[in-house]
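Close look at the chain arrangement
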Amino acid sequence: MIYNPIFEEEIERKTELQALKKEIKFRARKESLTGAINRVYSLLQKKPILTLSTLFQLKKID
């Protein structure tokens, strides 16, 4: 069998692409969670009683 480094480069490229996809998904989840937390926090600052009562009602439903 003849050694062909092109196949090794393809495998390395695929693993790098998979790692990059994983990192992009992780960042997207993190940004979405951060955005949700920021929205809740801003609601708590603007209308604390209304927001807390809504959160407790949602907890009772679950």
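Structure shown above.
Residues numbered from 1 in each chain as written. Predicted model: local features only at pLDDT ≥ 70, side-chain atom pairs only at ≥ 80, totals over all residues. Heavy atoms only, no water.

Quick look at the overall build of the protein chain
Each helix and strand counted, the protein chain has 2 helices and 0 strands in total. Taken across its 62 residues, the protein chain has 2% of its residues classed as buried. Carbon and sulfur atoms provide 64% of the accessible area of the protein chain, an area that totals close to 6,500 Å². (Helix = DSSP H or I, 4+ residues; strand = E, 2+ residues; numbered from the N terminus. Buried < 20%, exposed > 50% of the residue type's maximum accessible area, 1.4 Å probe, protein only. Areas by Shrake-Rupley, 256 points an atom, 1.4 Å probe, with all protein chains shown as cover.)

Structural notes on a nonpolar patch on the surface
There is a patch of nonpolar side chains on the surface, built from Val40, Leu52, Leu55, Phe56 and Leu58 and spanning about 440 Å² of accessible area. With 4 residues, helix 2 (residues 48–61) is the largest single contributor of residues to the nonpolar patch. With a relative accessible area of 38%, Leu52 lands in the partly exposed category. (Patch = residues over 30% accessible without salt bridge, like charges linked within 9 Å, V, L, I, M, F, W, Y side chains within 5 Å. Salt bridge = Lys/Arg side-chain N within 4 Å of Asp/Glu carboxyl O.)

So, a negative patch on the surface
On the surface, Glu8, Glu9, Glu10, Glu12 and Glu16 cluster together into a patch of negative charge. Judged by relative accessible area, which is 54%, Glu16 ranks as exposed. (Lys, Arg positive; Asp, Glu negative; His and termini not counted. Charge placed at Lys NZ, Arg CZ, Asp CG, Glu CD.)

Considerations on the pattern of salt bridges
One pass over the full model with this rule turns up 1 salt bridge. Close ionic contact of Glu23 with Arg27 constitutes a salt bridge, the shortest N to O distance being 3.3 Å. Of this pair, Glu23 and Arg27 both sit in helix 1 (residues 5–46), 4 residues apart, roughly one helical turn. For Glu23, a relative accessible area of 37% puts it in the partly exposed group.

A short note on the environment of Thr54
Looking at the secondary structure, you find Thr54 in helix 2. Reaching out from Thr54, the side chain makes a polar contact with the backbone oxygen of Leu50 at a distance of 2.8 Å. (Polar contact = N/O pair within 3.5 Å; in protein donor to acceptor, adjacent residues only side chain to side chain.)

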